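# Architecture at a glance
Residues per chain, in single letters:
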Amino acid sequence: EDWLEIGAKAYLVHVWRKRVDFPELLSHARSYAAQVSPDVVLIEDKSSGRQLWQVLEDENMCPDWRFPIEKIKPEQIGSKRQRLALETPALRAKHVILPAWAPWLPDFLIEVFSAPRPTAWDQIDALSQFLRYRRENPALGNVADILSGW
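Attention shifts here to the packing of helix H1 (residues 22–36) against helix H2 (residues 47–57). Where H1 contacts H2, the two axes come as close as 11 Å, and the packing angle between them is 55°. Between H1 and H2, the angle is such that the two are oblique. Two packed elements cross with a definite hand, and for H1 against H2 that hand is right-handed. When H1 is examined against H2, the residues Phe22, Leu25, Leu26, Ala29 and Arg30 are found in contact with a partner set consisting of Ser48, Gln51, Leu52, Val55 and Leu56. Residues of the contact of H1 with H2, tallied by class, amount to seven nonpolar, two polar and one charged.

Here it is as structure tokens:
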């Protein structure tokens, strides 16, 4: 997910959702980050996210990587359902803005609105991880581009 923060609002700009092997994940992370120049990249400290973080932080393997990375450890907060519940105030306050239309929007909305019983939690979890990071790091400035969900 690519989020643009402007003041109190967070705009979901882009969602990339695809099951891929690690080389394709790494390639996408590098090319998309180079395209949008994020202020920070949030990477979940689990499975392929842990591997992605290790490779991107290694200057010998990725000498062109220049974006700060924040490791997200979601298990410290509880279940995916509990993490989403903690961020509900931001959703109710209408701090999250979705585009009027995007190719990925229908799938995103189906997953989010099927909570608390979705068949998949990937996008919901990335959303709650971003909102938690945003809540805990309010000094990002007026405009910040944040990539999350890897």
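The next subject is the confidence of the model for the protein chain. On average, residues of the protein chain score 84 in pLDDT, and 89% of them reach the 70 mark or higher. The element-level mean pLDDT for the protein chain is lowest in strand E6 (residues 143–147), coming to 61, with strand E5 (residues 96–97) highest at 92.

What follows concerns the packing of aromatic side chains. Enumeration over the complete set of coordinates arrives at three aromatic pairs. With a centroid separation of 4.3 Å and 5° between ring planes, the pair formed by tryptophan 3 and phenylalanine 130 is classed as stacked. Of this pair, tryptophan 3 sits in strand E1 (residues 2–6) while phenylalanine 130 sits in helix H6 (residues 122–136), and the two are 127 residues apart along the sequence. Relative accessible area serves as the criterion here: at 0%, phenylalanine 130 is assigned to the buried category. The cationic tip of lysine 71 hangs over the ring face of tryptophan 53; the distance from NZ or CZ to the ring centre is 4.0 Å.

Cut-offs used in this document
Residues numbered from 1 in each chain as written. Predicted model: local features only at pLDDT ≥ 70, side-chain atom pairs only at ≥ 80, totals over all residues. Heavy atoms only, no water. Axes fitted to C-alpha atoms, helices over the stretch in contact; angles between N-to-C directions. Helix = DSSP H or I, 4+ residues; strand = E, 2+ residues; numbered from the N terminus. Parallel < 35°, antiparallel > 145°, perpendicular 65-115°, else oblique. Left-handed = near helix turned anticlockwise from the far one by under 90°. Contact = heavy atoms within 4.5 Å. Nonpolar A, V, L, I, M, F, W, Y, C, P; charged D, E, K, R; others polar. pLDDT = per-residue confidence, 0-100. Phe/Tyr/Trp six-rings, centres within 6.5 Å; stacked < 30°, edge-to-face > 60°. Buried < 20%, exposed > 50% of the residue type's maximum accessible area, 1.4 Å probe, protein only. Lys NZ or Arg CZ within 6 Å of the ring centre and 35° of its normal.

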